[in-house]
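Notes for the structure review
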Amino acid sequence: MYARRRHAYFVMMGICIALFVLAWGVVRIWSVPVAVGMCVVAMVIPPVAAMVANRRGPEDRWWDDPSGDPKSDDWWDELDGKKRRQ
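In this text the structure is predicted, and so the values were computed from the model without any measurement.

Right, let's get into a nonpolar patch on the surface. A surface patch of nonpolar side chains, amounting to about 1000 Å² of accessible area, comprises I17, F20, V21, W24, V32, V36, V40, M43, V44, V48 and M51. Counting only elements with at least two residues in the nonpolar patch, the list comes to α1 (2–25) and α2 (32–54). Considering every element that reaches the nonpolar patch, the biggest residue donor is α2, with seven residues. In this fold, F20 is placed in helix α1.

Written out as structure tokens, the structure is:
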């Protein structure tokens, strides 16, 4: 799943760069307002790409990672019902 998110991130960032380059290299010759509009669209893409890349799916088990503190991990495992009290 990480590879799919990474791929989507790079595609979106590639589109962003292409919009900037096309806007000021080609489109501005015919229409400056359209070039500015393309740059506004390109400006919105990086934050959206970051959200897509950092999204966690249901198969990502990040909340089960141990913290490194055995006492805290045992306490959370007890609350989650993973270990029986002895």
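Here we come to the nonpolar core. Within soluble globular proteins, side chains that are nonpolar generally end up buried alongside one another. The biggest cluster of nonpolar side chains holds nine residues, and these are C16, L19, A23, V27, A35, M38, C39, A42 and I45. Residue assignment for this core shows that the elements contributing at least two residues are α1 and α2. Non-local contacts of A35, meaning those with residues more than four positions away in its chain, are made with A23, W24, V27 and R28.

Moving on, we get to the environment of C16. Within the secondary structure, C16 sits in helix α1. Taking the C-alpha atoms as reference, C16 lies 9.2 Å from M38; in sequence the two are 22 residues apart. When sequence neighbours within four positions are dropped, the list of residues in contact with C16 reads A42, I45 and P46.

Calculation notes
Residues numbered from 1 in each chain as written. Predicted model: local features only at pLDDT ≥ 70, side-chain atom pairs only at ≥ 80, totals over all residues. Heavy atoms only, no water. Patch = residues over 30% accessible without salt bridge, like charges linked within 9 Å, V, L, I, M, F, W, Y side chains within 5 Å. Areas by Shrake-Rupley, 256 points an atom, 1.4 Å probe, with all protein chains shown as cover. Salt bridge = Lys/Arg side-chain N within 4 Å of Asp/Glu carboxyl O. Helix = DSSP H or I, 4+ residues; strand = E, 2+ residues; numbered from the N terminus. Core = buried A, V, L, I, M, F, W, Y, C linked by side-chain atoms within 4.5 Å. Buried < 20%, exposed > 50% of the residue type's maximum accessible area, 1.4 Å probe, protein only. Contact = heavy atoms within 4.5 Å.

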